[in-house]
Every structure is written in structure tokens, then in C-alpha cells.
Amino acid sequence: MKFTPELVFDGGRVRPLTYDDVDALFHLYQHPEIPGQRALENKDNLLRMVDLSVQMAATQRGMMWAIEIDQTLMGLVSAFDWQPSLLRTLLRVDALPALTLAQRAAALTVCMDFMASKYHVRNFGYQWIAGQDLSLQTHLLDMGFSQTAIQRGAWRIGESSFADVVHFTRLLAADKPVAGRLGEQDQQPGQNLDHPSQAQQAQGGAAQ
Amino acid sequence: MNWNFTVGHFNVRLPVSDQDGEALFALLSEQRRVDHIPRLAMTVSAQALDELRRMAMRFETREAAFWLVEGAYDQQLVARIGIQKINWLQRGTQVQWEIVDTLDDDSLALIVAAVCDFCFDQLGLYRLEMRLRVGSDAQEARLQRLGFHYEGFLPAHVEYNDEAMDLALYSFLASDRLEPAQSN
């Protein structure tokens, strides 16, 4: 069964993680963009992360995509703290310095579009940690996010040092979905993207 | 570690599942005491027993701790104050309270300061956050008088009575505490 789709965007694609990505992920985490995050030392944790990425999607707790440009893994889009019944999630991007803001925005957008169309998610949060590249804030505003809160000392960056978290939100105007009985929702037959009825449906990006 | 303590004329203690049901139900069955969370008031006493069991389980996993605050002499329950969604890595937690109307500001300040001190000094937490429904004016005024800082809001964060509700964010940090007076 497959729960995370491959989605294409102008200049690249996002796709589910596989065990083959471990080396590329290890390289990615040598360049942590979140303050306080150390360069990764142990590749074994990444095998577990790939497993978790599948479990998260299967249980609707989160979703992770590799961002690929020219067949090279350049970053990750993660949706976590996904609350399906509240139609909201938090997003995060971990990217190599070479990933441009435009590529980053395009990858985030296709992921948000998928979650909005498939799961009706309409409240996307993004947390910018003080110390991250300031241009990311402008990039989020350009994508339609609004700054709604600054959480003081909400991100731990050392034994006893903390950074502020700036909370951005993007609310979609879409109406709340109307609940229907199982089996009668032809547009949303299930979350398994391997199901034949999903094959022609997925995409913007085609289901893998 | 002793999680129970006394402050002023109040005992602040963890609940006892088979004893506190009635008092907890009396506290949480008034809508105006839980409206800011936002949550519906309890309507049958079995809900209080269920809540007590839930509190015990969440405490066992160190995900949350809820204290009942009662008068030291009359044993009347005046508040429940809890911390939940404790993030031991980030050293932060979310505070929640339900308070009877008769509890005055001075007493509340004393109790909350003691709970904050416990969280900072005994549990090693750094950030206490309260999320409450935007427009809970009385509760927000209380928080501000206690020294909590307004940080903004989380749009459409919970659903309540079929409506998406914004939650206001307040916080109190360990570094917000006044320096303790030097004793001679």
C-alpha cells in the first residue's frame, strides 16, 4: 500500500522516502537549517526515519516527501502534527543550501495542494525559528502565509538556551467538507494510493 | 519527588481517583469555568470519574499533571490547574485551569506562582504556555495580571460547537520570574 504520492512541480518533484535515500538524507542532515540542530552522526536513525515516514502517513499523523531536483535529493518536506479531524497540520522544510526559494515554494505548494484536495486540510502552519535565514519569512508571506504569533523561547537550541518561534499560518478558504457515509464518497475512496480507483485521480502529481 | 504542596491556605495536590469525583464534577459542570478552553461542561458525574482516570493515566506517562487546589481548612475545591503536552526535550508545556468565581486574584497569584516554581525548579521546564479561546476576556485579564505575556494567536486551531476557533497564546518563562530576594 502507498500513502504518500509522487508529485511533480516545475523543475522537480517530491516523492516518498525509500531506504535508498539514506546516504542522501545523511548528506542533507550535515547541513541542518534549524538552529540548535546538530549534524547527524548515525545513519541508522535514517532507516528508522524512512520507516516512520510510512507509518506516519498510514496513520494520518504526518507525511514526508523527498524534494528531488535533477534526480538529486535536495531536501525534505514534512507535514507533522497532522490533525485530520481539525483539518490542520504543521509544515517543515529541511533543504540543502543549493535549493532555491522558488524550488522550495513549488515543492511546498504541491504538497499543500495534495493534502488540501485529498484530505481537506485547510489550515497549514509553519514555524520559523529565530536564527534561521530571514529570507524564509518573506518567502512564507509571498506564499500566502500570515504571521500570527511569536512564541518566546519555544525552541531549545542548547542545554539552557532557547530561541523564539515565529508562527505562520495559511488558511484556505475552502468550505469544510460535508461528512458522508463510507462507500458513498466516490471522490475520496480511501487513502491507499495503490488502489486502482486512485491511479487516475492523483496528480497534479501522479500516484506512484 | 513530592508533587503535592501547600501554599498559603491552600493544598495543591494530585487527584485521587476514587475520592475526588464529586468535587471535580461540581467544578467542571459549570460552563463558564471551561468555556475558555474551550470545552463543554460535564453533564453527568460519570464524566468526572472518567476524567480522573484519564488524568491518572496521563500522569503515569509523564505527559501531563493535574493538581486540585482545595482550601486547607474547609477542603473545598477551588481550582484545577494542569500542565499537559509536556515536551521534555524542548522543556515546555501547556497550562490549563478551571477556577471557581470566588477565588480572589491574590490567592490565585499565590497558587499559580507556586505551580510555576514547581514546574521550573522541580521539573526543569522553561516555558509555560496557555492557549485559550480568543475573546475569553476575564481569563486573559487574569493571565496578564499574573505576568503572562500575550504572544499572538493560532487561527482556526480547534473546533467547538461546529465553529473553528482561534486560540490566543500566552506564556510565562522561567526567566520572567523576578530575581528571588536576597536573604540576609
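You'll find the structure just up there.
Residues numbered from 1 in each chain as written. Chains lettered and ligands numbered in written order. Predicted model: local features only at pLDDT ≥ 70, side-chain atom pairs only at ≥ 80, totals over all residues. Heavy atoms only, no water.

Kindly report on the nonpolar core, identifying the contributing residues and their values.
Core analysis: the biggest nonpolar cluster contains 58 residues, and Trp67, Ile83 and Trp97 of chain B have the highest contact counts within it. Sorting elements by how many residues they give to this core places helix α4 (residues 105–122) of chain B first, with nine residues. Residue contacts for Ile83 of chain B: discarding those within four places in its chain leaves Glu63, Ala64, Ala65, Trp67, Thr93, Gln94, Val95, Cys119, Leu123 and Leu125 of chain B. In this structure, Phe26, Ala57, Val93 and Ala107 of chain A belong to the second largest nonpolar core, which totals 51 residues. (Core = buried A, V, L, I, M, F, W, Y, C linked by side-chain atoms within 4.5 Å. Buried < 20%, exposed > 50% of the residue type's maximum accessible area, 1.4 Å probe, protein only. Helix = DSSP H or I, 4+ residues; strand = E, 2+ residues; numbered from the N terminus. Contact = heavy atoms within 4.5 Å.)

Give me the lowdown on the interface of chain B and chain A, citing residues and values where you can.
If you look at the interface, chain B gives 24 residues, while chain A gives 19 residues. For the pairing of chain B and chain A, the buried interface totals around 1,800 Å² over both sides, and the portion due to carbon and sulfur atoms is 47%. Arg152 of chain A is the partner of Asp176 of chain B in a salt bridge, and the nearest nitrogen-oxygen pair spans 2.7 Å. Connecting chain B to chain A are 13 residue pairs in polar contact (both at pLDDT 80 or more). (Buried area = accessible area lost by both parts, 1.4 Å probe. Salt bridge = Lys/Arg side-chain N within 4 Å of Asp/Glu carboxyl O. Polar contact = N/O pair within 3.5 Å; in protein donor to acceptor, adjacent residues only side chain to side chain.)

How would you sum up helix α3 (residues 46–60) of chain B? Please name residues and give values.
Residue and element names in this part refer to chain B. An ideal rise of 1.5 Å per residue puts 21 Å on 15 residues; α3 measures up with 21 Å between its terminal C-alpha atoms. Buried within α3 are the following residues: Ala48, Glu51, Leu52, Met55, Arg58 and Phe59. The buried residues of α3 occupy one face: seen down the axis, they fall within an arc of 130°. Exposed side chains of α3 directed beyond 90 degrees from the buried face belong to Arg53, Met57 and Glu60. Where the residues of α3 are buried, they touch α1 (21–28), β3 (64–71) and β4 (77–87). Arg62, located one to two residues past α3, shows a positive phi value of around 55°. (Expected span 1.5 Å × (residues − 1). Arc of directions from axis to C-beta.)

It is worth stressing that arrangement in space is one thing and function is another; only the former is reported here.
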